[in-house]
Amino acid sequence: MIPAKPAESHNGHTILVVDDDRRVVELLNVALSAHGYRVVAALNGEDAVRVAVREQPDLVVLDVRLPRKSGLEVCEILRQDAEDPRVPIILVSGAVDTEARVDALARGADDFLMKPFSPRELVARIRRLLQRSDEHREARRRCRELEGEVGRLQDDVRRLNQELGRELGVREVFTRLGRELHRTLEQEPLARTFLAAVQARLGVSTVALLRAEHERDPLRSACARGAETERLGRLALSPDDEFVQLVCGLARPLRRAELERFPELEREVSMLAAAGVVLLAPLLSPRGLEGLLVADEKRDGQDFTRADFDALSVMCEAAGWALQNASQLLQSHDAWLGLAASVVEAHESRAGRAGFTGRVASRVGAVADRLGLPAAERLTLRRAAWLQAFVELLGAGRNGRDAAATACVLDLPGLDGVAAVIGEPERPHESERARRLAQVLQAARRWEALRGEGVAAGRARERLGQELGAGTDPEILGALLLTAVPQAEDPIGV
């Protein structure tokens, strides 16, 4: 290998000159350097390969006849270079036959020049090949940029498809749950439907909905599902506490662990940890907090995913709106039943039975308390007492306009459960829960009628057993006897 004379400046291209004749190398070094090229040189085939690998030249001027490795062999080796397999190669040979030229081109040479040659001709050919090589390199660079851009676009498309899939999945969850929630306008069935959907979607063992029975009351378990609901039943959170305010302010599902970094929430977080709560989510509506969902960990032990949180967010939103509608409907029913109670009381007063239905409503409430029935069932019983009296008054004779008005009353949205307790034979509400509540109402009405006639408590119990038959739960009759002192009358049962 012979060192090249350094040029003071060059045009950015490096040319490897390979010839076993030092004079040719010196001549080409001078000629090419004069045109601004940087020249590196080698005197045999092996050195040529090493210099080419090290210097990565932009063009190679290569003599065919070389010691150690011929120019044709060097040409083949350079064509296999992974870094730049298309480096331009000019093969130089003293042979003038066509076979030598064809062989050179077949081995991968870009041009063939016969000795002796003019340095000006060589420079002209070098310029042409370098221009073409630069264009090819620029095209390859642009292709790589385009490939990278295409790859980024493909990644964006995949990400958008994933986000679209999540959005469609979330929308499907919202639509499906919304349809299920709108099948009823009563709060308890709404809560049960919501919790069942959450449990099925998230795969949690136990889930509960905490709600306040009245404004400013603590949030307590209003409905729960799972094997260990008693743990969640002990929870009580004030809606005015900083803890509840923070959860509502975040307005999204969150892990209990996210709240552990707030020292001021240590008491509430410890309470949740003791109850096994891992996940919380507020149910919000335009009027505020409708409830707080609490759940333990997944049955399979896996962590909650982003898809779980997205789905839970829309489920809580749907349930929040549904519970708000149910609450507003409940308020409307309160007002409606208040008017109905006024009509019933006025009629009973004129008939010499003043306060009868009010005593029945109080009695069913006392019996429900004695039986340990949930608050929702106590409310249903009190409403049913007034609704039954109003329906009987309105539909007396069951004909014409009165019958139509009675049917209209029983078809009021959200009163399905109350109508079931009344036990209208034409309405298909025959659940075991409704039958038991109907027995409570029937027994209380008959009890108050007997007591109003002056029948003693013991004798009234015996007559009730005879009149109502063996199908009546003895526990209900026992509760009636134990509630000897009626509770304060509550006309609309709220």
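The structure we're discussing is the one just above.
Residues numbered from 1 in each chain as written. Predicted model: local features only at pLDDT ≥ 70, side-chain atom pairs only at ≥ 80, totals over all residues. Heavy atoms only, no water.

Visitor: Teacher, can you tell me more about helix α2 (residues 45-55) here?
Guide: Each full turn of the α-helix corresponds to 3.6 residues, which orients residues three or four apart in the same direction. Among the residues making up α2, those that are buried are Gly-45, Asp-47, Ala-48, Val-49, Val-51 and Ala-52. Against β1 (14-18), β2 (38-42) and α3 (71-79) lie the buried residues of α2. One side-chain oxygen at the N-terminal end of α2 lies 3.1 Å from the backbone nitrogen of Glu-46; it belongs to Asn-44. (Buried < 20%, exposed > 50% of the residue type's maximum accessible area, 1.4 Å probe, protein only. Helix = DSSP H or I, 4+ residues; strand = E, 2+ residues; numbered from the N terminus. Contact = heavy atoms within 4.5 Å. Polar contact = N/O pair within 3.5 Å; in protein donor to acceptor, adjacent residues only side chain to side chain.)

Visitor: Looking at this structure, how should I read helix α10 (residues 306-350)?
Guide: With 45 residues, α10 extends 65 Å from end C-alpha to end C-alpha; this agrees with the ideal 66 Å at 1.5 Å per step. Just downstream of α10 lies Gly-352, where phi reads positive at about 80 degrees. (Expected span 1.5 Å × (residues − 1).)

Visitor: Explain the pattern of salt bridges here, please?
Guide: Two side chains that carry opposite charge are able to pair once their charged atoms sit near each other. Evaluation of the coordinates by the stated rule reveals 37 salt bridges. Measuring nitrogen to oxygen at the nearest pair gives 2.6 Å for the salt bridge that ties Arg-137 to Asp-58. Highlighted residues: Arg-137 in helix α5 (residues 119-181) and Asp-58 in the loop between α2 and β3 (59-63), separated in sequence by 79 residues. Notably, a salt bridge pairs Arg-158 with Asp-155, separated by 2.1 Å at the nearest N-O pair. (Salt bridge = Lys/Arg side-chain N within 4 Å of Asp/Glu carboxyl O.)

Visitor: What is the right way to look at the packing of helix α15 (residues 432-452) against helix α17 (residues 474-482) in this model?
Guide: Between two packed helices, the angle of one axis relative to the other and the distance separating the axes together describe the packing. Two elements in contact, α15 and α17, have axes separated by 10 Å at closest approach and are oriented at 40 degrees. The angle between the axes of α15 and α17 places the two elements in the oblique class. The two elements α15 and α17 cross, and the hand of that crossing is right-handed. On the side of α15, the interface is formed by Arg-436, Gln-439, Val-440, Ala-443, Ala-444 and Trp-447, while α17 contributes Glu-475, Ile-476, Leu-480 and Leu-481. (Axes fitted to C-alpha atoms, helices over the stretch in contact; angles between N-to-C directions. Parallel < 35°, antiparallel > 145°, perpendicular 65-115°, else oblique. Left-handed = near helix turned anticlockwise from the far one by under 90°.)

The quantities given are spatial measurements derived from coordinates; they are silent on function.
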